[in-house]
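Okay, here's what each chain looks like letter by letter:
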Amino acid sequence: MSFFKLTASALAITAVSATTAAARDNVQVAGSSTVLPYASIVAEAFGENFDYPTPVVESGGSSAGLKRFCEGVGENTIDVANASRAIREKEIKACAEAGVTDIIEVRIGYDGIVFASQLDGPDFTSFEPADIFNALAPKVLVDGELVDNPYTMWSDFNPDLPAEEILAFIPGTKHGTREVFEEKVIAAGCEKTGAHDAMIASGMSEDDAEDACLAVRGDGRSVDIDGDYTETLARIDANVNGIGVFGLAFYENNTDKLKVATMSGVEPTTETISTGEYPVSRPLYFYIKAAHIGVIPGLKEYAEFFVADEIAGPDGPLAEYGLVSDPALEETQAVVADEQTMDAM
């Protein structure tokens, strides 16, 4: 993919020659497959506009990227971790134990979690979180009782949904998308159906009930996808009645293959996500190893370039690709400029 050259003056950023001595002269990034296309766009444009090598951007998932990020400090470790969720306390602890004590959190914008199926497949136009829970949970509430999930077709519990076999391809546990999917869809559906209250009434603790709400059935109707969205797309291509979970940007770049479902009557678009109307959205991040700034040439410049108005703003190339611009982008720019670490916030 090629991009127009952006002038440094237009971005109000000074492109400085890479003069810092270091064993490695390029920025190295890994992590979320959701953030990957945005980071790739920025890396290519950065290489074209600055006197630094183009950053190397790898995927692998949010958890895998943060694990690599937390391996330690030094030229043999990555500089930036992309994530489609916030870093967890246990990851911050693992980082600290490995000497990564100063972390800069950078929120780049927002993305929506969408449900999409084959263009020629069934129409899923009436989804509610309760429907996803009823379809995928191992135990559901039927006539006031928690029972093993008896449902095999979507129409079994919602006549407005297609009379098609339930088959869902959902993000694996290594993906940041999974956490948002669990929190905003599965857990919400568990509450809405009354299953959560029934679990508590049966003697479960609050914590155990919350964990039980997030479980998915193991009979093949819910399939974890550990790879990136291209693997999910391949599964949808091979299963006409299947539905998959994707990031908005991936869907928008594959509308020749996929059609999107509504959630709570709202179609996911940049507009409905930016207004909060679409209920399943999440912030996207990258994390910088502050100890590498000034050591790895171009690291801070790359971060500043990424969140510049002309890149991450509502009229920038990332928005054109599907990123919903952060209304608080100016605050994020200040965090990067001031190298403000998480423990200082």
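First things first, this report covers the structure right here in the doc. (Residues numbered from 1 in each chain as written. Predicted model: local features only at pLDDT ≥ 70, side-chain atom pairs only at ≥ 80, totals over all residues. Heavy atoms only, no water.)

Here the focus is helix α15 (residues 329–337). Along α15, the positions that sit buried rather than exposed are Leu329, Thr332, Val335 and Val336. Taken end-on, α15 shows its buried residues confined to a sector of 110°, consistent with a single buried face. Of the exposed residues in α15, the ones pointing more than 90 degrees away from its buried face are Glu330 and Glu331. Against the buried residues of α15 lie β4 (103–118), α12 (299–306) and α13 (309–312). (Buried < 20%, exposed > 50% of the residue type's maximum accessible area, 1.4 Å probe, protein only. Helix = DSSP H or I, 4+ residues; strand = E, 2+ residues; numbered from the N terminus. Arc of directions from axis to C-beta. Contact = heavy atoms within 4.5 Å.)

Further remarks concern the side chain of Ser84. Residue position: Ser84 is located in the loop between β3 (80–83) and α4 (89–97). The buried category is assigned to Ser84, whose relative accessible area is 1%. With residues near it in sequence (within four places) discarded, Ser84 still touches Ser32, Thr34, Val35, Ser62, Gly176, Thr177, Val180, Arg282, Pro283 and Leu284.

For the rest of this paragraph, the subject is a negative patch on the surface. Where like charges cluster on the molecular surface, the negative patch consists of Glu191, Asp197, Glu206, Asp207, Asp208, Glu210 and Asp211. Broken down by element, the residue count for the negative patch peaks at five residues, all from helix α8 (residues 206–213). Checked against the element boundaries, Glu210 lands in helix α8. (Patch = residues over 30% accessible without salt bridge, like charges linked within 9 Å, V, L, I, M, F, W, Y side chains within 5 Å. Areas by Shrake-Rupley, 256 points an atom, 1.4 Å probe, with all protein chains shown as cover. Salt bridge = Lys/Arg side-chain N within 4 Å of Asp/Glu carboxyl O. Lys, Arg positive; Asp, Glu negative; His and termini not counted. Charge placed at Lys NZ, Arg CZ, Asp CG, Glu CD.)

Right, let's talk about the environment of Phe250 for a bit. With respect to the helices, strands and loops of the structure, Phe250 is situated in helix α10 (residues 248–252). Separated by 71 residues in the primary sequence, Phe250 and Tyr321 place their C-alpha atoms 8.8 Å from one another. The contact partners of Phe250, leaving out residues within four places of it in the chain, are Tyr229, Thr230 and Leu233.

This paragraph deals with the environment of Asp123. Residue position: Asp123 is located in the loop between β4 and α5 (129–136). On the basis of relative accessible area, Asp123 is assigned to the partly exposed category, the value being 49%. Spatially, the C-alpha atom of Asp123 lies 18 Å from that of Ile170, the residues being 47 residues apart in sequence. Filtering out sequence-adjacent residues up to four positions away, Asp123 remains in contact with Pro162 and Lys259. Here the side chain of Asp123 touches Lys259 through a polar contact of 2.5 Å, side chain to side chain. (Polar contact = N/O pair within 3.5 Å; in protein donor to acceptor, adjacent residues only side chain to side chain.)

So, about the nonpolar core. Judged by nonpolar contacts, the single largest core of 50 residues is most densely connected at Phe115, Phe127, Ile132, Leu136, Trp154, Phe181 and Phe246. Among the elements that line this core, the one with the most residues is helix α6 (residues 176–193), at five residues. Judged by nonpolar contacts, the second largest core, of 38 residues, contains Phe50, Ile108, Ala290 and Ala312. (Core = buried A, V, L, I, M, F, W, Y, C linked by side-chain atoms within 4.5 Å.)

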